[in-house]
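Below are the chains, spelled out letter by letter.
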Amino acid sequence: MSHAAAHSDAHHEHKLPFWRQYIFSTDHKIIGLQYGITSLIFLLLGFCMILLIRWQLAYPGQELPYIGKIFGESNMPGGVMLPEFYNQLGAMHGTIMVFLGVVPLAVGAFGNYVVPLQIGAPDMCFPKLNMMSYWVYFVGGVIMLASFFLPGGAANSGWTSYPPLANFATDGQTAWLIGMVFLITSSLLGAVNFICTIFQLRAPGMTWSRLPFFVWAQLVTSFLLLLAFPPLEAAGVMQLMDRLFHTSFFLPSGLVVSGQALQVSGGGSVLLWQHLFWFLAHPEVYVLILPALGIVTEIIANNIRKPIWGLKSMIFSIIALGFLSFIVWAHHMYLTNMGTTISAFFQTTTMMISIPSVIILSCLFISLWGGSIRFNTAMLFAISFLPMFGIGGLTGLPLGLASPDIHLHDTYYVIGHFHYVVAPGTIFGLFAGIYYWYPKMTGRKLNEVLGHLHFWPSLICMNLIFFPMLIQGLAGMSRRLYDGGVEYAHSAPVLGLHKLITIAAFIMALAQIFFIVNLLWSMFKGKKVANDNPWDATTLEWLAPSPPGHGNFVTEPQVYRGAYEYSVPGAKKDFHTQFDKDVS
């Protein structure tokens, strides 16, 4: 049977049982939706955890009204948060938002749904492996959440799980490590699948130079996952061995715990964990940001109605980001007495990695000049991503230098910097993607009024939350303090900012209600799209029906041109899709 005939055949829906079609599905679109729904739920849970933390920081020692007592006497006696519960929330907030929320949404959801459509593939290269990657992720997430119900509660050694503290933590730490092994395995399965799919299943005519930027972003992200996650998985297994079988991978000799010399073989290194963890965790930052950059580029190109300026430079820059992200990890470890020579090396590489980021942002900013810009909700989130990510990058430069890092390390400045990259940066990019591809997934558009009510409070509150943290950090306020720094005299001038940040966080939480209502209401009552390409976009996914059926395309797609041919001089219309053969 020919490839085209196979496509045509595949388009007719196969009657499968409900559990095969929607639960244990091998269809990349269903798996993408599973990832998307699950990760959004985890993001909501992680956000709720930080609201509890923000209350404690703004009003330390005070009862949380109405809901405080539901967390039990072991966590919040009389509705007042205990330090142990604060530590659990802090560790699990970071873990859930990064490993269970943003990465699965950026890679698992958008990658699974959009990449095969954009390259003209009928599905992922290994559909059953794809299904397995989701369910391994789901099991890992359940294990993480279930750890709250263990004696002593969930993991409480921070999202970085540093030994020796983590080696002697409660049983929740063991569950955290087991859950992390599942999550890493899921990412590795997905990464292999994406790489094979992009290399092997591109439609005829889809050369490397014609790939959309989003596909390039997902390809580089997949290589980062494939190469950076195994060291952390090995480290997780080693820490499990230390906890359960009394090995000493991360335990040095001569440790004293509670006044007693620790009876272990010793000889391990606590810094080994930090090296293994940050060898993953800095590429992980780009795992978070690169898919968002890809989404934003697609939306900006579509809504300025002109080609992206410097597209080739952006592609080379994103590949350079992938390479450089593996040689900057120890800038998280300047205070571990590595020595000035090693510090100088990592300072240099950290400054180097800022260059391709600046190139990508500059190309996107320059692309806006002279564009016929459509300010729909997706575009608002995409445009706001640019300065927010820029602020995140600029505030990271002092942390990349060993001298200022002495003052700024482990202060609120670090929290402000990182969250500018990930919250109004990455998450705004992901919101933009939801608004942009929702018509392709459902055949209906999200409501623009509700979209604006979601966007504007979110943008304002994001800055009211994270910019004051930069000020607190410059004043020397330490992070991870249960009382927010009340006991430190140097924190007194900036303590009041905790209340401003907390109020802004709760207002931002209210703004997300508009998004949730919009997401659910539009699924049934949203405006139906007039055709399969409601945005007049150029890339290949808009050739497929909305929503796509089994096999994605009615006929085998053929690619004739690049990804962003907007406003071609002399053309009758302002866009030519990749599948348009006639350009007259």
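Residues numbered from 1 in each chain as written. Predicted model: local features only at pLDDT ≥ 70, side-chain atom pairs only at ≥ 80, totals over all residues. Heavy atoms only, no water.

Details of the overall build of the protein chain
In step 1: Counting secondary structure elements, the protein chain contains 15 helices and 4 strands.
In step 2: Computed over C-alpha atoms, the radius of gyration of the protein chain comes to 24 Å, within 12% of the 25 Å expected from 2.2 N^0.38 for 584 residues, which places it in the range of a compact globule.
In step 3: Along the first, second and third principal axes, the C-alpha set of the protein chain runs to 80 × 55 × 50 Å.
In step 4: A burial count over the protein chain gives 56% of its 584 residues as buried.
In step 5: For the protein chain, long-range pairs separated by at least 24 residues make up 78% of all intrachain contacts whose partners lie at least 6 apart in sequence.
In step 6: Distance between charge centres in the protein chain, computed from 26 positive and 25 negative side chains, equals 10 Å. (Helix = DSSP H or I, 4+ residues; strand = E, 2+ residues; numbered from the N terminus. Rg over C-alpha atoms; globule rule 2.2 N^0.38 Å. Buried < 20%, exposed > 50% of the residue type's maximum accessible area, 1.4 Å probe, protein only. Contact = heavy atoms within 4.5 Å. Lys, Arg positive; Asp, Glu negative; His and termini not counted. Charge placed at Lys NZ, Arg CZ, Asp CG, Glu CD.)

A look at the packing of helix α7 (residues 213–245) against helix α8 (residues 270–304)
In step 1: Orientation of α7 relative to α8, taken along the N-to-C sense of each, is 160°, at an axis distance of 8 Å. By the angle between their axes, α7 is roughly antiparallel relative to α8. α8 is crossed by α7, and the crossing has left-handed handedness.
In step 2: Looking at the contact of α7 with α8, its residues break down into 25 nonpolar, 6 polar and 2 charged. (Axes fitted to C-alpha atoms, helices over the stretch in contact; angles between N-to-C directions. Parallel < 35°, antiparallel > 145°, perpendicular 65-115°, else oblique. Left-handed = near helix turned anticlockwise from the far one by under 90°. Nonpolar A, V, L, I, M, F, W, Y, C, P; charged D, E, K, R; others polar.)

A short note on the pattern of salt bridges
In step 1: Summed over the entire model, instances satisfying the criterion amount to 6 salt bridges.
In step 2: For Asp410, the salt bridge identified is with Arg480, shortest N-O distance 3.4 Å. Taken together, the residues span a long stretch of sequence, with Asp410 in the loop between α12 (402–408) and α13 (412–442) and Arg480 in the loop between α14 (448–474) and α15 (497–525) at a distance of 70 residues.
In step 3: By relative accessible area, which is 31% here, Asp410 ends up partly exposed.
In step 4: On the basis of relative accessibility, which here comes to 44%, the residue Arg480 falls in the partly exposed class.
In step 5: For Glu565, the salt bridge goes to Arg561, with nearest N and O atoms at 3.4 Å.
In step 6: Among the residues examined, Arg561 registers a relative accessible area of 8% and is labelled buried.
In step 7: Among the ionic contacts, a cluster of salt bridges with common partners joins Asp410, Arg479 and Arg480. (Salt bridge = Lys/Arg side-chain N within 4 Å of Asp/Glu carboxyl O.)

Section: the nonpolar core
In step 1: Core analysis: the largest hydrophobic core is formed by 172 residues, its most contacted members being Leu290, Ile300 and Trp437.
In step 2: If one sorts the elements of this core by residue count, helix α4 (residues 83–119) sits on top with 21 residues.
In step 3: For Ile300, the contacting residues outside a window of four places in its chain are Ile308, Leu364, Leu368, Met379, Ala382 and Leu386. (Core = buried A, V, L, I, M, F, W, Y, C linked by side-chain atoms within 4.5 Å.)

Things to note about unusual backbone geometry
In step 1: Residue Pro164 is reached from Pro163 by a cis peptide bond, and omega for that bond is 5°.
In step 2: Between Ser546 and the following residue, Pro547, the backbone shows a cis peptide bond with an omega angle of 0°.
In step 3: Along the chain, the position of Pro547 falls in the loop between α15 and β3 (565–566).
In step 4: Its identity as a non-glycine residue notwithstanding, Arg305 has a phi of 60°, on the positive side.
In step 5: On the secondary structure map, Arg305 appears in the loop between α8 and α9 (311–324).
In step 6: Its identity as a non-glycine residue notwithstanding, Arg480 has a phi of 60°, on the positive side.

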